[in-house]
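An overview of the molecular structure
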Amino acid sequence: MLYKPQEERLWDCWIYPHEGKYYMYHLSLSPQQYGKGGWDGISLAISEDFVHWKEYGRIFEKHPEALWIGTGMIQKKGDLYIMNFSEERPAGKQNIYFATSRDLIHWERTDHVCAPDGEHYMNAPTDCSSSYPRWDSLGVIDGLEDKPGPYYAFLTASAKKIKNMNKNGALGLVTSKDGFNWTCLPNAFPDTDMFPQFEVPEHVEINGRHYVTFCTSSYLSHRFDRYSDDMAGGTFYVVSDDQLGPYRLPDGDYMLQGTRNNPSVSMVTVGRPLKVGDQVFYYHIWGDNGPEGWGGSAKLLEEEKPYKLRLRYNPVNDSLKGKLLATTADVLKDLQFVKHPGLIPPIKLTLQEDMVFESLGTAAALRAPALNGSTGSNLNTDLSDGRFITFDLDIESGEGGGIYFESENGTRLGVMLNRQRQRLEFGFINEGWGPNMLICNDVIQKFPISQHSMVKILARKWFIEVYIDDIYVSSWRPAQQINPNQFGFYLEDCTGKLSNLEVWQMV
């Protein structure tokens, strides 16, 4: 949403904070390799505020004999930085390799190799029906804090001792005395029927409780995830009272961010925690099934209650607020019904200091006056095509309401707080019979909607994310590009009030 290299493609990211700056490493694909194979290098972007990133470029190439290079992490050891990453090298084997640096810019490979042991974890292509068993991404516990050994790390692995060879997703666990030579320990999450894979596992301790976040996506999610009716993808988590496990599912939903009902299962995925001072930041990428990713906005990771995590709005994103383009008073001057076929309007509307609406038994869309903000000069680096929108929404009775953005081809991309059904809905607002408007849902996220909600929406081109009362709810990557200067309101058979609207251009 906020960062994409000028020419390369981006995927998994890992961030290291150093001397007031943030170094974001990511898998990269050079333009000459588009469509020819997997990721061929690691690149870097640097930020001073965790929001605005400056591209540094390629810092590491895959080995000439590797088919592709995979995700990693950085561990600090004295004045040395150790980066781990995986490669398919040789063919049919995914192993973990290492490089070192003293300045976070220049990296040199070492001769060390971390491989599955064949006892706890599969180590041969003949062990399963996949092209190779998984062995990827050492998430070293407290790896950024320069602690003495022994070290422990979680990783993506394929369990060996299982009932079904193709249900082998394991939360791998390894230990090392020096950060280079690692020994396998038993799977830290014994139930291999729950997740296809534990991608990019990262440990974080909050209030004395232990969590491991990880990513997974599957077109066959209903075979694993009891909450999923269709394709699913995102960041999940498991919990334990002990740092090394065994880990278990939390009570209730174990998805931290993602979607279970959208074909773009990689829409928001590869999320990771990062301790910054006394807070835990959470960062992630936006992707599609390409894959071609964007760096997302920072969030805060916190406990909602013991063993239950949630994401909250991160105030660092306030730096995105640039020129104030509109307030409630500006918008109310020239609101227009999108559809008004008869003598009586579809809703009763009172426009004073606030927008007060009363249901007459149907739904309505109201087109706001066009904004005069920038549409952006460069999709990758100019954030001015983005909009930061805040408002208060009171739903006294009925279904719910929200806002929409027009796309560049005239469709309406809706965001609706459905109080009656207790969920957030993303979809397309269409004209129905008679005075009716209709939201056709694309993504639905269950969420408690109160009578009064303070709403934050970050929108840019193909990206929309929503916070209610500063709690992150969900994200959407619609197929159409947003027209950043044209938006409106959608009211679904409800009575209430919209107030305190402010629309900023991103900067």
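Scroll up a little and you will see the structure.
So, how was this worked out
Residues numbered from 1 in each chain as written. Predicted model: local features only at pLDDT ≥ 70, side-chain atom pairs only at ≥ 80, totals over all residues. Heavy atoms only, no water. Helix = DSSP H or I, 4+ residues; strand = E, 2+ residues; numbered from the N terminus. Rg over C-alpha atoms; globule rule 2.2 N^0.38 Å. Buried < 20%, exposed > 50% of the residue type's maximum accessible area, 1.4 Å probe, protein only. Contact = heavy atoms within 4.5 Å. Pairing = 2+ DSSP bridges. Core = buried A, V, L, I, M, F, W, Y, C linked by side-chain atoms within 4.5 Å. Phe/Tyr/Trp six-rings, centres within 6.5 Å; stacked < 30°, edge-to-face > 60°. Lys NZ or Arg CZ within 6 Å of the ring centre and 35° of its normal. Polar contact = N/O pair within 3.5 Å; in protein donor to acceptor, adjacent residues only side chain to side chain. Salt bridge = Lys/Arg side-chain N within 4 Å of Asp/Glu carboxyl O. Axes fitted to C-alpha atoms, helices over the stretch in contact; angles between N-to-C directions.

Another aspect to go through is the overall build of the protein chain. On a plain count of helices and strands, the protein chain comes out with one helix and 34 strands. What you see for the protein chain is a C-alpha radius of gyration of 24 Å, in line with the 23 Å of a compact globule of 507 residues. The C-alpha extent of the protein chain, read off along each of the three principal axes, is 80 × 45 × 45 Å. Counting over 507 residues, the protein chain shows a buried share of 59%.

Right, let's talk about the environment of F388 for a bit. Assignment of secondary structure puts F388 in strand β27 (residues 387-407). Along the backbone, F388 and V503 are 115 residues apart, and their C-alpha atoms lie at a distance of 5.8 Å. Once residues lying within four places of it in the same chain are set aside, the contact partners of F388 are Y313, N317, D318, L320, K321, K456, I457, L458, E502, V503, W504 and M506.

Take the pairing of strand β4 (residues 53-61) next. Pairing analysis gives seven bridges linking strand β3 (residues 41-47) to β4, with the strands arranged antiparallel. Paired with A45 across the strands is E55, a residue of β4. Here β3 folds back onto β4, and the loop between the two strands holds five residues, one of which, F50, carries a positive phi near 70 degrees.

I457, I464 and F489 are the most contacted members of the largest nonpolar core, which has 44 residues in total. In terms of residue count, the dominant contributor to this core is strand β34 (residues 482-506) (eight residues). Beyond its immediate stretch of four places on either side in the chain, F489 contacts V331, L335, M355, A364, A365, L366, A368, G402, I403, Y404, L498 and L501. Residues Y23, F60, L104 and L300 belong to the second largest nonpolar core, which totals 42 residues.

Once that is clear, we can look at the packing of aromatic side chains. Counted according to the given criterion, the structure contains 32 aromatic pairs. Sitting above the plane of the Y307 ring, R248 keeps its charged end 5.0 Å from the centroid.

Turning our eyes to something else, we now look at the side chain of T175. Positionally, T175 belongs in strand β11 (residues 169-176). Residue classification places T175 among the buried positions, given a relative accessible area of 18%. Engagement of the side chain of T175 in a polar contact is seen with the backbone oxygen of Y151, the distance being 2.9 Å. Once residues lying within four places of it in the same chain are set aside, the contact partners of T175 are P150, Y151, Y152, N181, W182, T183 and L185.

A full pass over the atoms with the stated rule returns 31 salt bridges. The partner of E358 in a salt bridge is K348, and the shortest N-O contact between them spans 3.9 Å. Remark: K348 occurs in strand β24 (residues 347-351) and E358 occurs in strand β25 (residues 355-359); sequence separation between them is 10 residues. On the basis of relative accessibility, which here comes to 36%, the residue E358 falls in the partly exposed class. Among the residues examined, K348 registers a relative accessible area of 46% and is labelled partly exposed. Two residues, E408 and K461, come together in a salt bridge whose shortest N-O distance is 3.4 Å. Placement of the pair is E408 in the loop between β27 and β28 (412-418) and K461 in the loop between β31 (452-460) and β32 (463-468), with a sequence separation of 53 residues. Residue E408 is classed as exposed on the basis of its relative accessible area, which comes to 53%. A residue is classified by how much of its surface remains accessible, and K461, at 11% relative accessible area, is buried.

Our next topic: the environment of L349. Note on placement: L349 falls in strand β24. Along the sequence, L349 and S359 sit 10 residues apart, while their C-alpha atoms lie 9.0 Å from each other. Discounting residues that sit within four places of it in the chain, L349 has contacts with F337, M355, V356, F357 and L366.

On the basis of which strands lie adjacent, the open sheet formed by four strands has the order β1-β2-β3-β4 and antiparallel pairing. Two strands in the sheet have a free side with no partner beyond their single neighbour: β1 (9-18) and β4. Averaged over all adjacent pairs, the angle separating strand axes in this sheet is 25 degrees, with direction ignored.

Between G149 and the following residue, P150, the backbone shows a cis peptide bond with an omega angle of 5 degrees. Inspection of the secondary structure assignment puts P150 in the loop between β9 (135-140) and β10 (151-158). Following G245, the chain continues to P246 via a peptide bond in cis, the omega torsion being 10 degrees. Although it is not a glycine, S137 adopts a positive phi angle of roughly 65 degrees. Its location among the elements puts S137 in strand β9. With a phi angle near 55 degrees, N500 is a residue other than glycine that sits in the positive phi range. Among the structural elements, N500 can be located in strand β34.

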